[in-house]
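So the chains spell out like this:
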Amino acid sequence: MVQKLINNPNDLVNELIEGYILFNSNKVKRLDNLNVILRADLPIKDKVGIIIGGGSGHEPLFLEYVGKNLADAAVHGQIFAAPSPDLTYAAIKAVDCGRGVILLYNNYAGDVLNFNIAQEMARDEGINVQTVLVNDEISSAPKERMEDRRGTTADPILFKIAGAASEAGLDIDSLVKLLNKAVYNSRSLGVSLSACSLPQTGMATFSLEEGKMEFGMGLHGEAGVKKVDLMSADDTARTILDYIIDDLPFKEGDEVIVVVNGYGSTTRMEMFIITRKIYSYLNEKGINIYSAEVGEFCTSQEMAGISITLMKLDEELKKYYYK
Amino acid sequence: MKNYLDLNDFKEIIVLINSIIDENKEYLSQLDSVIGDGDHGITISSGFKDTIEKMKEKQFESISELLIFVGNNFMATVGGTTGPIFGYLFLEMGRTQESNKEKINLNDLFIMFSQSLNKIMKIGGAKPGEKTMVDTLNSAVNSLNDSVKNNDNLEIALKKMNEAAKKGLESTKNMVATKGRARYLGERSIGYQDAGATSTYFILSAFSKILEKN
């Protein structure tokens, strides 16, 4: 049983959003009493709307990515559960200024089901809604079935690119093309050292024996691909990078953004030790780091572990990625 | 022997579903934690609880109206995969012509459940044999179809449907998951019963229990 500082378990998501909005009232506002977070300065004229969202419990995803040069709205479901269609539909109505809206979210069955229903509802009213699915997690399906892969820690970079490019005035079709390229160029893999719990119950969603770690474990305890004895930071970084480099593949001379993401209870000390190895290993491979982001971007409660994301850049992507 | 279900029966069925699911929510979450993410029981029970509370405050003119309300409210409250899948179970039943009748007979009920099954398979992309709730629902619908052909009394037909649903549910134990989160386990998912298929069985069991009670 994991100890948590919470109130009524049924109010988790509502209270999370209330707290975040009080803290950031100059930047964001809430749409009615829904679990929808909007930019405070909406409506924004002449800009394609960017809506992100998914289950709660992965903070700072998704709400902390709403703002200028980021998303216009974030839609939150309950803990680890997709948001219902009425929320996304309300967000689309709030964000659309006539140039259309992009739903940018991670590829999970529940999210796809719910976002698709909302998309249909809005399209029926003549709003141009397009979808870009994030599927950067390489262990969740082989490369031949990339469309089955889950979305994970490419999110923070994708949200930034989507925000900046829409702010710059790109039309919806160019944005969809740009974002699909950014998704394709992004590959992630993580390793878990301990389970995450469901905050409503305090119970772990899976168990991992003492002394073991598991590659490819999902953000909700989805089974991984390889369970091994605990490895050193250097060996871990190298193992993950080998899988990622091989998957795209990333080549000598490529320029990349690196994300080193902590899952929740992994310390910044460990993240920087991992980061150190990533720099030296990519250097050995002749892959150039344009920028790196180290921290917690997509967590899974108190799960221990890290994930690494590489996104291959070209001139167009670089233009819309603000360091 | 009563040979139909009316608006009042359907209301009682929804109330009964809520109590059966509530009694079994920990069991459902436990099933889900083995091959899913462990929240199914809490998620589905909170959806029915909210629906029941709102249902009690409302007046319904027809079975169709009731079922559409239940489906929409469930979908809006729950989200996740459970929201649309189980929301459509009721919503599609309520969208049939048959659900506008005052008395639902066996053939009507067969048509209503068939429409739900087809819609769920379409939106969820699952077919029978993939270790999902479709396995329970499909067995139940096949059984209703047989009962229509046999001219069974509704009570008998629902009893048979209940047994068939249970068989469908139990068949998920030996299947390999290819849909949802359990698919990442592949062959390792064999031996475990699917949580969504289990709650579908609980939902269907309420239909036969209502007639037994009467």
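Treat the numbers as computed from the prediction; the structure is a model and nothing was measured.

A. The overall build of chain A, seen in detail. Along the backbone of chain A there are 8 helices and 12 strands. Compactness check: chain A gives a C-alpha radius of gyration of 19 Å against a globular reference of 20 Å for 323 residues, within 12% of the reference. In terms of overall dimensions, chain A has C-alpha extents of about 55 × 50 × 35 Å along its principal axes. Counting only residues that meet the buried cut, chain A has 53% of its 323 residues in that class. In chain A, the proportion of contacts linking residues at least 24 apart, taken out of those at least 6 apart, comes to 71%.

B. Structural context of the domain arrangement of chain A. Residues and elements named next belong to chain A. Taken domain by domain, chain A consists of domain 1 (12–134) and domain 2 (186–319). Computed over C-alpha atoms, the centres of domain 1 and domain 2 are 26 Å apart. Each partner contributes to the interface: domain 1 provides 8 residues, whereas domain 2 provides 11 residues. Residues that form the side of domain 1 that touches domain 2 fall into these classes: 5 nonpolar, 2 polar and 1 charged.

C. Region of the structure containing the sheet that holds strand β12 (residues 304–312) of chain A. All names here are of chain A. The mixed open sheet is built from 6 strands, whose spatial order is β9-β8-β7-β12-β10-β11. Either end of the sheet is taken by a strand with one partner, and the two such strands are β9 (226–229) and β11 (288–295). Averaged over all pairs of adjacent strands, the angle between strand axes in this sheet comes to 20°, irrespective of strand direction. In this structure, strand β7 (residues 186–194) lies alongside strand β8 (residues 212–215), joined through 2 bridges in antiparallel fashion. For S192, the partnering residue across the bridge sits in β8 and is E214.

D. Up close: the sheet that holds strand β5 (residues 101–106) of chain A. Residues and elements named next belong to chain A. In space, the 6 strands of this open sheet follow the order β1-β2-β4-β3-β5-β6, with mixed pairing throughout. Both outer strands of the open sheet, β1 (28–30) and β6 (129–134), are each paired with one neighbouring strand and no more. Strand-to-strand twist in this sheet, taken as the mean axis angle between neighbours without regard to direction, amounts to 25°. Where β5 and β6 come together, 6 bridges link them in parallel fashion. By the bridge assignment for β6, L104 is matched with V132.

E. Highlighting the environment of A:G295. Summarising the element assignment, A:G295 is placed in strand β11. Sequence-wise, A:G295 and A:A154 are 141 residues apart; in three dimensions their C-alpha atoms are separated by 13 Å.

F. Here's a closer look at unusual backbone geometry. All names here are of chain A. Geometrically, the link from L61 to F62 is a cis peptide bond, its omega value of -10° lying close to zero. With respect to the helices and strands, the residue F62 is situated in the loop between β3 (49–56) and β4 (73–79). A cis amide bond links L248 to the next residue, P249, at an omega of -10°. As for its placement among the helices and strands, P249 is situated in the loop between α6 (233–247) and β10 (255–262). Phi is positive for Q301, which is not a glycine, with a value near 55°.

G. Representation of the interface of chain B and chain A within the structure. Of the residues lining the interface, 22 residues belong to chain B; the matching set on chain A comes to 26 residues. When contributions to the side of chain B that touches chain A are tallied by element, the ones reaching two or more residues are α2 (25–35), α3 (40–56), α4 (63–78) and α5 (82–94) of chain B. The biggest single contributor to the side of chain B that touches chain A is α4(B), with 3 residues. Residue composition of the side of chain B that touches chain A, by class: 8 nonpolar, 9 polar and 5 charged.

Analysis parameters
Residues numbered from 1 in each chain as written. Chains lettered and ligands numbered in written order. Predicted model: local features only at pLDDT ≥ 70, side-chain atom pairs only at ≥ 80, totals over all residues. Helix = DSSP H or I, 4+ residues; strand = E, 2+ residues; numbered from the N terminus. Rg over C-alpha atoms; globule rule 2.2 N^0.38 Å. Buried ≥ 20, exposed ≤ 12 C-beta atoms within 10 Å, placed from the backbone. Contact = placed C-beta atoms within 7 Å. Domains from an automatic or database assignment. Nonpolar A, V, L, I, M, F, W, Y, C, P; charged D, E, K, R; others polar. Pairing = 2+ DSSP bridges. Axes fitted to C-alpha atoms, helices over the stretch in contact; angles between N-to-C directions.

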